[in-house]
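As a plain string of letters, each chain reads:
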Amino acid sequence: MVRAYNKIVTWIGSLKGRLYGGFVLSIFTAMATALPTFISAWILGQLIDSARNGTRIDGNLAWVCLAAIAGCVAVRFALSYAKARIQESIGYERAAETRQEVGDILKRLPLGYYQHTSTGDILSTVTTNLNTLELEGVRQVDAALGSYIAAGVITAWLFVVSPLCGIVALVAIGVAILTLVGVNKMSARRSPAAKTATERLSGATVALYNGLGTAKSYGTSQAVRRPFDKAVEELRRARIDIEFGYTPLNVSHKLILEIASVILVLVATAGLVSGSLELWVYLGIAFFSTTVFSGIGRLTDSAHMFADLNDCLERVEALASATPIDRDGKDIRLDRYDIEFDDVSFSYGDGNGCERQVIHGVSFSVPEGSTCAIVGPSGSGKTTLTSLMARFYDVSSGAVRIGGRDVRELTCDSLLCNFSMVFQDVYLFNDTIAANIAFGAEGATRGEVVEAAKRARCHDFISALPNGYDTVVGKGGNTLSGGERQRISIARALLKDAPIVVLDEATASIDPENERQIQHALDELTRNKTVVVIAHRLATIENADQILVVDDGRIVQRGTHAKLAAEPGVYQRFVAIRKEAEGWKI
Amino acid sequence: MILAEVLSVASVFLGLVPFYAVYRIIEVVAATTDDIYASWDAILFWSVVSIASYVLQRVFFGLSTINAHISAYTILGTLREGVATKLMNASLGTAQDKTIGNLKNLVVDKIEKIEIPLAHMIPELSANLLLALAIAIWLAIIDWRIALSCLLTVPIGLLVMGLGMQNYYKMYDGYLKEQDRVNSVVVEYIEGIRVVKAFNQATNSYKKFSDAVSSFLKFTLSWMKSSWIPQHLAMSIIPTTLLGVAPVGILLFEMGDITAPEFGLSCVLALAVVTPVTYLGASFNEINLISYAIADAREFLDLPELPQPAERAVPSGAEVKFDDVHFSYREGKEALSGVSIEASSGSFVALVGPSGSGKSTIARLIARHWDVDSGSITIGGVDVRSMPLSQLSDLVSYVSQDDYLLDGTLLDNIRMGRPDATEEEAMAAAQAASCEEFIKRLPQGWDTPSGEAGRMLSGGERQRVCIARAILKDAPIVVFDEATAFADPENEARIQRSVAQLSKGKTLIVIAHRLSTIVAANTIYVIEDGSVVAQGGHDDLLRECKLYSSMWEAHTGASTWAVGDGGASKAFASKAQEVDARWCAHTIRLSLG
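Overview of the structure. (Residues numbered from 1 in each chain as written. Chains lettered and ligands numbered in written order. Predicted model: local features only at pLDDT ≥ 70, side-chain atom pairs only at ≥ 80, totals over all residues.)

Section: the overall build of chain B
Next, step 1: What chain B contains, in helices and strands, is 24 helices and 10 strands.
Next, step 2: Nonlocal contacts in chain B, meaning residues at least 24 apart in sequence, comprise 80% of its contacts between residues at least 6 apart. (Helix = DSSP H or I, 4+ residues; strand = E, 2+ residues; numbered from the N terminus. Contact = placed C-beta atoms within 7 Å.)

Right, dumping it as structure tokens:
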């Protein structure tokens, strides 16, 4: 519990001062809260005395009492308001900062990270776990400390008036802590199962949503449903399991404190009898006996929450401390844009230590301003080569240099600002078309966006949409065809206007009627740039300054089309097949 | 739930006993002037009664809690499954109108939040309400003026709170919207991480993400700030029940209407009422939470389902016919305006047209991902709306552009086509779809989890897995939406061979993005702007349809090595196989050489 507490305080970081300031105010708030009870006890003492002795009480007592208690209310309000002001928003401020930090780190992680960590895990960390932290983190720390402060204030008073009563209170609090520790341990043991189940449910929900179409086409809704239902049931079980562990401890915690309060009254009565306690003090203890521990009694919830929060924080930390690929990188401005692979090997790890080498000692260079076509069968490692240039992964051995600089010397930002990439699978954000095109070219004017769209030949179909450039696209918006989405992604790359262009099979994915137009757009995109293209179309390959023929992670041939076409080897056969592939129907 | 409630109420009333005990003890002490030892028995007796009632109270409380939680979590599970069922039965369009972040937030987070009100509030709220009432009645028995003075703070506090919380619903609405937005943006951010990486430099994080995060913070803070004064004022006033009780008690004592011990009891009861009253105050928030969560769940639970009959229809043959079909994804622009097409049993029909012309929409409508606005789609003479969805899916294999590999291994995914198929049959289907070579390449082979496979396989390879699934399913109608992306020629040839395997003896409808694949079709429909502008064989269309011939020209023009005209009309299947055989021969030679 202390660990979780420390962790939360560490997470709060520089805002710690405000947290502690709040605690100091809590002490005084506790006093202001307890005071009316003392006043009433003192009054009851007066009343009993007067009843016994038959004397009259001061006529103004009622009004003095009202004023005093009203004063307590005012002080309590002022203090708790002040405390809220300095303390309550800490969690939200830190959660927002953490979201930004994580967002930044996510961008700088190697893509391999996403292959080993499920989207559901990352999602629930950034959403559910951080939501819990911002809602509960500071509140629980405050509840825990606040309750002990309140109990501490009264216990301190007990020690002053009757050390024996003080000891009873102290022992009760101590014993109760043991059950709290029990609650915390139990939660630490059982709540990860619920967390995992929650993450699984997150993942299953995403899979369910994505699989809806497939489920409909195959009528196999069961295959889609089963993992979801399993996750739901798993979560139900995990939660009930926690409840079974929690309830007995919670009950004993409260019971210990309640029995202690009865003992407190007995001890106080003995004190009264022996004459060591004044009547009003005794009455005060009797009054308090029913409520003195109620704050601590509620702490079982906090203890339970603490384990949960600890787990949340651990997950957030794990994500925030994932090593960015460019940790040692510097912001370097490149002055030339040639690309060089120097004896590069690369393996995909599966996260369990199992590796699969896909690139074997590849060396080549692409001079600035030239076009390099990479050809080869699918699965031969073409996409991996381009991913290594953009440092989506780090090489296992050898080096990739851009403008003479090892890509590992640069930060992701300073490296990738030199790249315009068009991927084979287009991803559009759930945003307007204009925003999707301007993505990565912040501050672009509408005019520039339209210009890029015109050059990428998407202006016409965008203008035909009811909301034009302000049409929202994304997963739900089935209004765009694959080819249209592809062209939007080309417009995006055009607008970015980076010196190095990487195309991954872009030319193959456009409708026939657009192919020539798109070819012009791509010509514009690649003019005067250093271009690396994973090529399938013979026109592209033929016009390249250099062709790399890749097979099974190795470069098996290289040169210009004229050279390669003349020498017997893989390329010749490759071209022959491509000729057929492009022409066989005719 | 009822048991939980009864136990909870019992535990609350047992909780009153110690207060009474304290009263009796104070009474004893107040009455005794000299010989207090004589009263020890009474004091001890009431102490033991207190402890016993505490123990019983807690046992009841524990049982009640466990019971309530079991019911609550079961209800949550049922709700979640209900949402899933609804999504699966609604039309795809209706389902996809909801963002994935929205759905995740509801299923995972919002429904979870109902747990607190459900498991705690239903039993505890009523118990606390009863407790507060019981205490009030008890106080009224002592003296009705004491009772009034005790509860005086409650209306004052509530008034203050009410004044400050006028905007509560609006603000809470806004809060949830902002939270939704952050969560949806995070989902996108992760899904599009490659684009984010490649395109988003210089800023700390992508703008939409950081905007959503900071606007969420700003909103929350301003909301919190506006509620601090009323909230803390109310929470300072309401629990200070002694504010009324102590002065009024003194006055009543002076008038001789209550005794000193009764004053003591009044104070004790005034303190005891604080817990239930603050609980009730706090539940005000929780009640709002539950109503919001339920409203959210409703949004999904009330989604319109695609109507479907229970009885299987009896279609004659595997002929697909569109009769004057109109359809729009949303109000305004029609995606299809009066499309009539016909694919007779066992024929090969192709749909071509510019992107966005509505070709893929036609495919989706056959699979009834949506319902038509007007007109009809019939299979073997039966309207697709007049047969159960399960029967429709038995009849149609739809291989879409964005088919999705479901959770499970690759083998599981193929088997999805026919769950009762043996492993051998599934492997045979995979072989027919030429998946074998790349599946063998994967370290875990057939047992590779689909998520991992999805990332290791190329788009074409993924589509071949989906084709294998469809081959195994063996439905009489095959609708194949050619992928626009990832078709490099060697993959294309393989996909064509796979489709040829898939469609042997079947009705085949191909949505073609490359004209090359469909020259041999029995009928080619040319679609433009949601209408059929021409139909016929390849040669006829070349002569008669300007759009088609210009597309053809663009296609052949783009292919530098295009040879001759399209006279060949060999069957799609045999042609594809032929090419594939040649490609195989090449690869063999490649690997030998």
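What follows picks up the thread again.
Points about the overall build of chain A
Next, step 1: On a plain count of helices and strands, chain A comes out with 21 helices and 12 strands.
Next, step 2: Across the 586 residues of chain A, 55% fall into the buried class.
Next, step 3: When contacts within chain A are restricted to residue pairs at least 6 apart in sequence, those whose partners lie at least 24 apart make up 80%. (Buried ≥ 20, exposed ≤ 12 C-beta atoms within 10 Å, placed from the backbone.)

Comments concerning the environment of Met31 of chain A
Next, step 1: Considering the arrangement of structural elements, one finds Met31 of chain A in helix α2 (residues 16-53).
Next, step 2: Since 19 C-beta atoms lie within 10 Å of it, Met31 of chain A is described here as partly exposed.

Looking at the sheet that holds strand β6 (residues 419-422) of chain A
What links the strands of a sheet is backbone hydrogen bonding, and the strands pair in either a parallel or an antiparallel sense.
Residue and element names in this part refer to chain A.
Next, step 1: Ordered in space as β6-β9-β10-β3-β11-β12, the 6 strands form an open sheet in which the pairing is mixed. A single partner strand is all that each edge strand has here, and the edge strands are β6 and β12 (554-559). Strand-to-strand twist across the sheet, computed as the mean angle between neighbouring axes with direction ignored, equals 15 degrees.
Next, step 2: Across 4 bridges, strand β3 (residues 371-375) lies against strand β10 (residues 530-534) in parallel orientation. The residue bridging Thr371 from the neighbouring strand is Val531, located in β10. (Pairing = 2+ DSSP bridges. Axes fitted to C-alpha atoms, helices over the stretch in contact; angles between N-to-C directions.)

So, the pairing of strand β8 (residues 507-511) of chain B
Residue and element names in this part refer to chain B.
Next, step 1: Most of β8 sits inside the fold, with 5 of its 5 residues counted as buried.
Next, step 2: Burial of β8 is two-sided: the residues Thr507, Ile509 and Ile511 facing one way and the residues Leu508 and Val510 facing the other way are all buried.
Next, step 3: Relative to β8, strand β3 (residues 348-352) runs parallel, the two sharing 4 bridges. Bridging from a neighbouring strand, Val349 pairs with Ile509 of β8.
Next, step 4: In this structure, strand β7 (residues 477-481) lies alongside β8, joined through 5 bridges in parallel fashion. Considered in β8, the bridge of Val478 is made with Leu508.

Structural notes on the sheet that holds strand β1 (residues 320-327) of chain B
Residues and elements named next belong to chain B.
Next, step 1: Read from one edge to the other, the open sheet built from 4 strands follows the order β2-β1-β4-β5, with strand pairing classed as antiparallel. Taken across any chain shown, the strands that pair with only one partner, and hence form the sheet edges, are β2 (336-343) and β5 (382-383).
Next, step 2: With 5 bridges joining them, β1 and strand β4 (residues 374-379) adopt antiparallel strand pairing. Bridging from a neighbouring strand, Lys321 pairs with Thr378 of β4.
Next, step 3: Together, β1, β2 and β4 form the strand contacts of helix α14 (residues 359-366), whose direction differs from that of β1 by roughly 115 degrees.

A word on the pairing of β7 of chain B
Residue and element names in this part refer to chain B.
Next, step 1: The buried count for β7 comes to 5 of 5 residues, which makes it a mostly enclosed element.
Next, step 2: Here β7 shows no split at all, with Ile477, Val479 and Asp481 on one side and Val478 and Phe480 on the other all buried.
Next, step 3: Where strand β6 (residues 396-399) meets β7, 4 bridges bridge the pair, whose relative direction is parallel. Of the residues in β7, the one forming a bridge with Tyr398 is Val479.

Comments concerning the environment of Leu306 of chain B
Residue and element names in this part refer to chain B.
Next, step 1: Examined against the element boundaries, Leu306 turns out to sit in the loop between α13 (274-301) and β1.
Next, step 2: C-beta crowding within 10 Å serves as the criterion here: with 16 such atoms nearby, Leu306 is assigned to the partly exposed category.
Next, step 3: Each C-alpha atom of the pair Leu306 and Leu92 lies 9.4 Å from the other, and the pair is 214 residues apart in sequence.
Next, step 4: When neighbours within four sequence positions are excluded, Leu306 is seen to be in contact with Asn89, Ala90, Ser91, Arg368, Asp371 and Leu389.

Side note on unusual backbone geometry
Next, step 1: Here the phi dihedral of Asp552 of chain A falls at roughly 50 degrees; this positive angle occurs in a residue that is not glycine.
Next, step 2: Within the fold, Asp552 of chain A resides in the loop between β11 (546-551) and β12.
Next, step 3: Residue Asp552 of chain A is classed as partly exposed on the basis of its C-beta count, with 14 C-beta atoms lying within 10 Å.
Next, step 4: One non-glycine residue with positive phi stands out, namely Asp529 of chain B, at about 50 degrees.
Next, step 5: With respect to the element layout, Asp529 of chain B can be found in the loop between β9 (523-528) and β10 (531-536).

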